[in-house]
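Observations on chain architecture
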Amino acid sequence: MISYRELDQWLEQGGAFLLVDLREPHQYNRERIWGSINIPYEELENLMGEIRKDGTIVFYCDRGAKSMVVCRDLWRMGYHAVDLAGGMLNYRGKYIDRRPLSALE
């Protein structure tokens, strides 16, 4: 588990890790952490074959409960999975992206 301050440091350093938002697409579209991808919690199991085991994966959700469960399960499967403590509700960092996704395309 990492704090939002630690995540911001990782983002500032440009570390090689995958940042996954487990929330619903409408939540992700409204706001997200810069550089994250959206894989809704309900779809994660079907997409696990596309996620590599050889790197760090940081997961977050709305409050941190789902991402904590995901990290625990993936850690047992050999992934280096890290949970953002408190999820998006607790994120107070400087990497909030509120631009409409249509503007990013």
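Please refer to the structure placed before this passage.
All of these numbers come straight from a predicted model, not from anything done at the bench.

**Points about the layout of surface pockets**
By volume, the largest pocket is sized at about 190 Å³. Tyr 41, Leu 44, Glu 45, Met 48, Val 69, Val 70, Asp 73, Leu 74 and Met 77 together form the lining of the largest pocket. Those elements giving two or more residues to the lining of the largest pocket turn out to be helix 3 (44-47) and helix 4 (65-76). In terms of residue count, helix 4 provides more of the lining of the largest pocket than any other element does, 4 residues in total.

**Describing the pairing of strand 1 (residues 17-21)**
For a regular strand, side chains alternate in direction, first toward one face of the sheet and then toward the other. With 5 bridges connecting them, strand 1 and strand 4 (residues 56-60) associate as parallel partners. Its bridge partner being in strand 4, Phe 17 is matched across the sheet by Thr 56. Two elements, strand 1 and strand 3 (residues 37-38), share 2 bridges in a ladder whose sense is parallel. Paired with Asp 21 across the bridge in strand 3 is Asn 38.

**What to know about the pattern of salt bridges**
Under the counting rule described, the total for this entry stands at 9 salt bridges. Salt-bridge contacts for Arg 52 lead to Asp 54; the nearest nitrogen and oxygen are separated by 2.5 Å. Given the relative accessible area of 59%, Arg 52 is considered exposed. The network of salt bridges with common partners includes Arg 32, Asp 97 and Arg 99.

**Some remarks on the packing of aromatic side chains**
By the definition in use, this model includes 3 aromatic pairs. Taken together, a centroid distance of 5.5 Å and an interplanar angle of 65 degrees make the contact between Trp 10 and Phe 17 edge-to-face. Here the aromatic rings of Trp 34 and Tyr 95 are separated by 6.3 Å at their centres, their planes lie at 40 degrees, and the arrangement is tilted. One end of the pair, Trp 34, is in the loop between strand 2 (32-33) and strand 3; the other, Tyr 95, is in the loop between helix 5 (87-90) and strand 6 (96-97), with 61 residues separating them in the sequence. According to the relative accessible area criterion, Trp 34 is partly exposed, its value standing at 47%.

**Examining the nonpolar core**
If you look at the biggest cluster of nonpolar residues, it comprises 14 residues, and the most contacted ones within it are Leu 22, Leu 44, Ile 51, Phe 59 and Leu 74. It is helix 4 that provides the largest number of residues to this core, a total of 3 residues. The contacts of Ile 51, once residues within four sequence positions are left out, are Leu 18, Ile 39, Leu 44, Ile 57 and Tyr 79. Counting 13 residues, the second largest nonpolar core, distinct from the first, contains Ile 2, Leu 11, Tyr 91 and Tyr 95.

Conventions we followed
Residues numbered from 1 in each chain as written. Predicted model: local features only at pLDDT ≥ 70, side-chain atom pairs only at ≥ 80, totals over all residues. Heavy atoms only, no water. 1 Å grid on protein atoms, 1.4 Å probe; cavity = no way out; pocket = protein on both sides within 12 Å on 5 of 7 lines; lining within 4 Å. Points joined across faces, edges and corners; volume = space filled by probe spheres on them. Helix = DSSP H or I, 4+ residues; strand = E, 2+ residues; numbered from the N terminus. Pairing = 2+ DSSP bridges. Salt bridge = Lys/Arg side-chain N within 4 Å of Asp/Glu carboxyl O. Buried < 20%, exposed > 50% of the residue type's maximum accessible area, 1.4 Å probe, protein only. Phe/Tyr/Trp six-rings, centres within 6.5 Å; stacked < 30°, edge-to-face > 60°. Core = buried A, V, L, I, M, F, W, Y, C linked by side-chain atoms within 4.5 Å. Contact = heavy atoms within 4.5 Å.

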